[in-house]
Amino acid sequence: DEKPEVLHKELQEASRKNGVKWIVKKPHNWAGGISLETGRNPSAPKRACTFPWYSLTILWDGLTVTCPQDFFGNNIVGDISGESLREIWNGKSMLEYRNRMKTGTFSDIKTCAACDRPERKHFLGLPTSHLMGFIRESF
């Protein structure tokens, strides 16, 4: 068995040769989908997640969800078979979802309630654990 570090290096080299951008991020609990020690502090104040302002996820069947961690389609906001991405992005469901994030009223949204991202340390609204990666990806 090869060590993960060796496989990681080989994958990075192969990706670079093929012009693929390789990004490694620290894991989180995938919206409560896995048990992972991430320093989760359920009593910490919940902050708004940044995903709804820069991300929209299209599932295999064309349904769109607010979060890339919503693997099971718990928070559907549209369907690309009948709506454009622009209509979904600016639609009532997405606007309501963003408003709930801003006002901190998302504890009843299954995917958000179990997620550890809103509990993490933040700087300017971004989780500090992902800040450098976000900057690298953006510029």
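Below you will find a few notes about this structure. Just so it is clear, the model here is predicted, and its values are computed rather than measured.

Turning next to the overall build of the chain. When helices and strands are tallied, the chain shows six helices and five strands. In the chain, which comprises 139 residues, the proportion classed as buried is 32%. Residue pairs at least 24 apart in sequence account for 50% of intrachain contacts in the chain once pairs closer than 6 positions are excluded.

What follows is about a nonpolar patch on the surface. The grouping of Ile 58, Ile 80 and Leu 85 at the surface amounts to a nonpolar patch, some 240 Å² of accessible area in total. By the element assignment, Ile 80 lies in the loop between strand E3 (76-79) and helix H3 (85-89). Looking at Ile 80, the relative accessible area reads 38%, which means it is partly exposed.

So, about the packing of aromatic side chains. Taken as a whole and assessed by the stated rule, the structure comprises one aromatic pair. Ring geometry for Phe 51 versus Tyr 54: centroids 5.8 Å apart, planes at 50°, classification tilted. You can see Phe 51 and its partner Tyr 54 sitting in helix H2 (residues 51-54), three residues apart, about one turn around the helix. Given the relative accessible area of 41%, Tyr 54 is considered partly exposed. Of note, Arg 98 hangs over the ring of Trp 89, and the distance from its end group to the ring centre comes to 4.4 Å.

A few words on the environment of Asp 79. Inspection of the secondary structure puts Asp 79 in strand E3. Between the C-alpha atoms of Asp 79 and Val 65, which are 14 residues apart in sequence, the distance is 9.0 Å.

What follows covers helix H4 (residues 92-103). Counted at 1.5 Å a residue, the expected span for H4 with its twelve residues is 16 Å, and the 16 Å between its end C-alpha atoms agrees. Taken together, the buried positions of H4 are Met 94, Tyr 97, Arg 98 and Met 101. Relative to the axis of H4, the buried residues are bounded by an arc of 100° and lie together on one face. Where H4 is buried, its residues contact H2, E3, H3 and helix H5 (110-113). Count one or two residues on from H4 and you reach Gly 104, which has phi positive near 75°.

Okay, the side chain of Ser 55 next. Here Ser 55 lies in the loop between H2 and strand E1 (57-58). If sequence neighbours within four positions are ignored, Ser 55 has contacts with Thr 66, Pro 68, Trp 89 and Met 94.

Attention now moves to the sheet that holds E3. Read across the open sheet, the three strands follow the order E1-E2-E3; overall the sheet is antiparallel. Two strands bound the open sheet, and with one partner strand each, they are E1 and E3. Examined bridge by bridge, E1 and strand E2 (residues 63-65) share two bridges and lie antiparallel to one another. In the sheet register, Ile 58 faces E2, and the bridge partner there is Thr 64.

On to the pattern of salt bridges, then. Taken as a whole and judged by the stated rule, the model has two salt bridges. Salt-bridge contacts for Glu 96 lead to Lys 92; the nearest nitrogen and oxygen are separated by 3.9 Å. Of this pair, Glu 96 and Lys 92 both sit in helix H4, four residues apart, which is roughly one turn of the helix.

Basis of the calculations
- Residues numbered from 1 in each chain as written.
- Predicted model: local features only at pLDDT ≥ 70, side-chain atom pairs only at ≥ 80, totals over all residues.
- Heavy atoms only, no water.
- Helix = DSSP H or I, 4+ residues; strand = E, 2+ residues; numbered from the N terminus.
- Buried < 20%, exposed > 50% of the residue type's maximum accessible area, 1.4 Å probe, protein only.
- Contact = heavy atoms within 4.5 Å.
- Patch = residues over 30% accessible without salt bridge, like charges linked within 9 Å, V, L, I, M, F, W, Y side chains within 5 Å.
- Areas by Shrake-Rupley, 256 points an atom, 1.4 Å probe, with all protein chains shown as cover.
- Salt bridge = Lys/Arg side-chain N within 4 Å of Asp/Glu carboxyl O.
- Phe/Tyr/Trp six-rings, centres within 6.5 Å; stacked < 30°, edge-to-face > 60°.
- Lys NZ or Arg CZ within 6 Å of the ring centre and 35° of its normal.
- Expected span 1.5 Å × (residues − 1).
- Arc of directions from axis to C-beta.
- Pairing = 2+ DSSP bridges.

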